[in-house]
Amino acid sequence: MNDFSVNFRVYYEDTDAGGIVYHSNYLNFCERARTEWLRAMGMSQNKMLEDKEGFVIVNLSAHYKHSAKLDDMLKVTCAVSKLRKVAISFSQQIFNEKNELLFELECDVAFINMKTGLPKAMPSEAYQYAQGFLTQKS
């Protein structure tokens, strides 16, 4: 398995008045990491939108463990836990600079035809790329 991670700094707008990261921003950080994962494979969300196709979230489960704070540097990981021709299950974690686990996310995304809303097979290059991040056999 290849590891994929992205680092993000916590800015004031990510926090509440007390300097603690607002709960929905953990989801945003994970979304940004998945977007960077797509970019690393050469997939452009703009191109997918032009082609009327793309990934949509169909299920997620989040577990908050500890709070991130203003100015923290966060590492957001992205691994594939299950892979199908039309869907990917991601396991994501967020760590602070002390390597403390702050947040975990399990997220299922489907590749769909945006015109019909129906699942479709993702491009073979995307499927092959995702296989390199698979943590277990599907």
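What counts as what
- Residues numbered from 1 in each chain as written.
- Predicted model: local features only at pLDDT ≥ 70, side-chain atom pairs only at ≥ 80, totals over all residues.
- Heavy atoms only, no water.
- Pairing = 2+ DSSP bridges.
- Helix = DSSP H or I, 4+ residues; strand = E, 2+ residues; numbered from the N terminus.
- Salt bridge = Lys/Arg side-chain N within 4 Å of Asp/Glu carboxyl O.
- Buried < 20%, exposed > 50% of the residue type's maximum accessible area, 1.4 Å probe, protein only.
- Contact = heavy atoms within 4.5 Å.
- Core = buried A, V, L, I, M, F, W, Y, C linked by side-chain atoms within 4.5 Å.
- Phe/Tyr/Trp six-rings, centres within 6.5 Å; stacked < 30°, edge-to-face > 60°.

Caption draft 1: Highlighting the pairing of strand β3 (residues 73-84). As paired elements, strand β1 (residues 5-9) and β3 share five bridges and run antiparallel to each other. When the sheet's bridge partners are listed, serine 5 is paired in β3 with threonine 77. Both β3 and strand β4 (residues 87-95) contribute to a ladder of nine bridges, which runs antiparallel. Bridged to cysteine 78 within β4 is glutamine 92.

Caption draft 2: Here's a closer look at the pattern of salt bridges. Inspection of every chain in the model, using the stated rule, returns five salt bridges. For lysine 120, the salt bridge identified is with glutamate 53, shortest N-O distance 2.7 Å. With a gap of 67 residues between them, lysine 120 in the loop between β6 (118-119) and α3 (124-131) and glutamate 53 in strand β2 (residues 53-64) connect regions that are remote in the sequence. Put simply, lysine 65 and glutamate 104 hold a salt bridge, and the shortest N to O gap is 3.6 Å. In this pair, lysine 65 sits in the loop between β2 and β3 while glutamate 104 sits in strand β5 (residues 101-113), placing the two residues 39 residues apart along the sequence. Classification of glutamate 104 as partly exposed rests on a relative accessible area of 26%.

Caption draft 3: Spatial organisation of the side chain of glutamine 92. Mapping glutamine 92 onto the fold places it in strand β4. The class for glutamine 92 is buried, based on a relative accessible area of 1%. Residues in contact with glutamine 92, not counting those within four places in the same chain, are Cys30, Ala33, Arg34, Val76, Thr77, Cys78, Phe103, Glu104 and Leu105.

Caption draft 4: Molecular detail of the nonpolar core. Membership of the largest hydrophobic core comes to 35 residues, with the highest contact counts inside it found for Trp37, Met43, Phe55, Val80, Ile88, Ile94 and Met122. Mapped by element, the contributors of at least two residues to this core are β1, α1 (23-40), β3, β4, β5 and α3. Residues within four places of phenylalanine 55 in sequence aside, it is in contact with Leu38, Met43, Met48, Ile88, Val109, Ala110, Phe111 and Met122.

Caption draft 5: Structural context of the packing of aromatic side chains. Counted according to the given criterion, the structure contains 10 aromatic pairs. Taking 6.0 Å as the distance between ring centres and 15° as the angle between the ring planes, the aromatic pair formed by phenylalanine 8 and phenylalanine 29 counts as stacked. Placement of the pair is phenylalanine 8 in strand β1 and phenylalanine 29 in helix α1, with a sequence separation of 21 residues. On the basis of an interplanar angle of 70° and a centroid distance of 5.6 Å, the ring pair of tryptophan 37 and phenylalanine 133 is categorised as edge-to-face.

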